[in-house]
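Listed below, chain by chain, are the residues.
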Amino acid sequence: MAMALDNTVDLEFSGYSTTTTTTATTATDRDDYYCNWDDWSPVVDWDALSGEQDDFRDLIESMMDDSGLNPVRAVEEGCNSASTDTMITDEENNGPDLKGLRLVHLLMAAAEALTGVNKSRDLARVILVRLKELVSPTDGTNMERLAAYFTDALQGLLEGAGAKHMIGNGHHRDDHHHHHHQSDVLAAFQLLQDMSPYVKFGHFTANQAILEAVSKERRIHIVDYDIMEGIQWASLMQALVSRKDGPPAPHLRITALSRGGGGRRSIGTIQETGRRLTAFAASIGQPFSFHQCRLDSDETFRPSALKLVRGEALIINCMLHLPHFSYRAPDSVASFLSGAKTLKPKLVTLVEEEVGPTGDGGFVGRFMDSLHHYSAVYDSLEAGFPMQGRARALVERVFLGPRIAGTLGRIYRGRGGQEGGSWGEWLDGAGFRGVGISFANHCQAKLLLGLFNDGYRVEELAKNRMVLGWKSRRLLSASVWSASDSDLLN
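Residues numbered from 1 in each chain as written. Predicted model: local features only at pLDDT ≥ 70, side-chain atom pairs only at ≥ 80, totals over all residues. Heavy atoms only, no water.

Draft legend 1. View of helix α8 (residues 198-213). Between its first and last C-alpha atoms α8 spans 23 Å; for 16 residues at 1.5 Å apiece the expected length is 22 Å, and the two agree. Counting buried positions along α8 yields 15 of 16 residues, so the element is predominantly enclosed. (Helix = DSSP H or I, 4+ residues; strand = E, 2+ residues; numbered from the N terminus. Expected span 1.5 Å × (residues − 1). Buried < 20%, exposed > 50% of the residue type's maximum accessible area, 1.4 Å probe, protein only.)

Okay, structure coming up:
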């Protein structure tokens with residue numbers, strides 16, 4: 001049975017509730033108050049940037065000059081045949097798109113000046129100064145706010161400020177929990193749930209696969225690589241206790257991994273998550289126990305540190321690099337998945353961010369793919385709450401800004417992430433076998449997207465993998481695996 005989408009989960013997080021309320025809006029209402037989002041055009045024409053960009057210096061003067069950002073003035077100075085009325089109309093119709101395109105070219109020029117063959121830190125500094133005059137992270141269009149965060153990230157690389165956020169093993173940190181007040185993090189998380197399907201898509205798809213795999217089990221043990229606030233498991237508990245057919249609710253045990261390098265803060269946060277889940281399980285009659293397993297100081301996983309009980313169905317859950325998640329180093333993820341394989345789990349659920357190809361495009365190529373990715377994220381969030389600028393600004397400041405800085409920092413230092421493709425491809429190469437995603441699970445994802453803007457889409461790339469996308473850009477993927485032969489494989 002697919003998980004009910006209209007069930008709400010109410011857990012109190014330091015004064016913030018995770019209850020998500022969805023209001024059905026007709027197409028007529030949406031058009032009256034906002035605009036026709038089916039006709040929404042991209043902020044930037046990415047196809048216009050597909051050609052070779054060998055030398056940015058020839059573009060700098062036109063882009064740096066004020067006239068380069070004012071199409072009316074440029075036409076007035078270079079052409080006498082156009083009427084003033086026509087030029088004003090052109091500015092109104094094309095001004096934001098033209099400025100967005102020029103901002104993209106400026107960002108490309110700054111990235112090229114910072115890392116290209118003919119790199120010039122002085123030129124990069126001048127371009128970034130100009131960008132800071134043009135954009136703000138709290139004001140303007142999507143492209144302007146996005147450009148502001150990319151500008152700040154490039155500025156940090158130029159000044160070496162990124163070193164302040166490096167952790168012991170040399171990886172760049174973009175952990176929002178260390179840079180923002182917890183109340184802001186929780187409020188931004190709630191808004192992200194309301195504005196987009198990013199959180200629910202991964203949770204619901206993984207949970208439905210788990211429910212189908214353990215339908216006849218009496219004891220279930222889930223090992224969670226990054227439990228965060230634990231919201232995923234509250235909805236799973238509700239589904240377990242509400243099953244109409246079959247045996248009573250099985251005993252559920254969750255083991256959350258804690259970071260050795262995080263010290264007491266990491267352990268304390270996970271303990272609080274455990275207390276909330278324990279209280280919630282008791283309130284609905286779900287037999288439940290909670291444990292921790294601490295990773296080594298370098299965040300590697302030792303299977304021997306995990307407490308296993310005979311007769312439990314073992315489930316491995318791995319959520320990676322979603323908008324509200326902290327960055328996890330590839331070596332840590334690989335050690336966890338490799339160790340998990342030796343435990344022969346009944347099921348492995350993996351949700352990860354979709355990234356572009358990691359070929360030899362260098363820093364500028366990877367930079368542009370990141371810009372394209374986050375442009376789609378920004379557009380999708382605006383479609384979710386088109387009139388709620390302050391809400392979007394909080395999500396952008398708490399989650400997306402640090403993620404952008406962290407992503408560019410790792411690319412700049414040659415640590416762009418797990419090389420050679422997705423973690424799903426890594427699992428396939430490591431001997432895991434795909435478990436087919438059911439028709440019910442696929443329908444559930446379609447129903448979920450129906451609660452949000454029409455720009456979201458879901459596609460099935462393989463029998464065991466579904467992808468959430470915005471327009472033409474893939475954003476997240478969910479896949480299901482097994483480490484041993486079982487009747488789950490098909």
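Draft legend 2. Quick peek at the nonpolar core. Among the nonpolar cores identified, the biggest contains 106 residues, and L107, F150, L154, Y198, I222, F367 and L408 are the most heavily contacted of them. Broken down by element, this core gets its largest block of residues, 11 residues, from helix α12 (residues 362-384). When neighbours within four sequence positions are excluded, Y198 is seen to be in contact with L192, L322, P323, V377, S380, L381, Y456, L468, L475 and L476. Counting residues in hydrophobic clusters, the runner-up holds 24 residues, among them V223, L257, W423 and F432. (Core = buried A, V, L, I, M, F, W, Y, C linked by side-chain atoms within 4.5 Å. Contact = heavy atoms within 4.5 Å.)

Draft legend 3. Summary view of the environment of F150. Structurally, F150 is set in helix α6 (residues 142-159). Residue class for F150 comes out buried when judged on its relative accessible area of 0%. Along the chain, F150 and A405 lie 255 residues apart, while their C-alpha atoms are 7.2 Å from each other. If sequence neighbours within four positions are ignored, F150 has contacts with L107, F367, S370, L371, Y374, I404 and L408.

Draft legend 4. How the structure looks around the pairing of strand β9 (residues 456-462). As paired strands, β9 and strand β10 (residues 465-470) are joined by six bridges and run antiparallel to one another. Across the sheet, residue A462 finds its bridge partner in β10, namely R465. Linkage of β9 to β10, two consecutive antiparallel strands, is achieved through a turn of two residues. (Pairing = 2+ DSSP bridges.)

Draft legend 5. Geometry of the pairing of strand β6 (residues 313-320). Where burial is concerned, most of β6 is hidden: eight out of the eight residues are buried. Inspection of the sheet shows strand β3 (residues 219-224) paired to β6 by five bridges, in the parallel sense. In the sheet register, V223 faces β6, and the bridge partner there is I316. Sheet analysis places β6 next to strand β7 (residues 347-353), joined by six bridges and oriented parallel. Paired with I315 across the bridge in β7 is L347. Of the crossover connections in this fold, the one passing from β6 over helix α11 (residues 330-342) to the parallel β7 is right-handed. (Right-handed = clockwise from strand over helix to strand, strands pointing away.)

Draft legend 6. Focus on the packing of helix α7 (residues 182-195) against α8. Direction vectors running N to C along α7 and α8 enclose 80°, while the axes themselves pass 6 Å from each other. When the axis of α7 is compared with that of α8, the two are roughly perpendicular. Taken together, the residues of α8 that come into contact with α7 (itself represented by F189, L192 and Q193) are Y198, V199 and K200. Looking at the contact of α7 with α8 residue by residue, the class counts come to four nonpolar, one polar and one charged. (Axes fitted to C-alpha atoms, helices over the stretch in contact; angles between N-to-C directions. Parallel < 35°, antiparallel > 145°, perpendicular 65-115°, else oblique. Nonpolar A, V, L, I, M, F, W, Y, C, P; charged D, E, K, R; others polar.)

Draft legend 7. Summary view of α11. An ideal rise of 1.5 Å per residue puts 18 Å on 13 residues; α11 measures up with 19 Å between its terminal C-alpha atoms. Those residues of α11 lying buried are P330, S332, V333, A334, S335, F336, L337, G339 and A340. Once α11 ends, the next one or two residues include K344, with phi positive near 50°.

Draft legend 8. Representation of the packing of α6 against α12. Contact geometry of α6 with α12 gives a least axis separation of 10 Å together with a crossing angle of 145°. In this structure, α6 crosses over α12, and the sense of that crossing is right-handed. Listed contacts from α12 to N142, M143, R145, L146, Y149, F150, L154 and L157 of α6 are F363, F367, S370, L371, Y374, S375, Y378, D379 and E382. Each residue belonging to the contact of α6 with α12 can be placed in one class, and the counts come to 11 nonpolar, three polar and three charged. (Left-handed = near helix turned anticlockwise from the far one by under 90°.)

Purely geometric stuff here, so don't read any function into it on its own.
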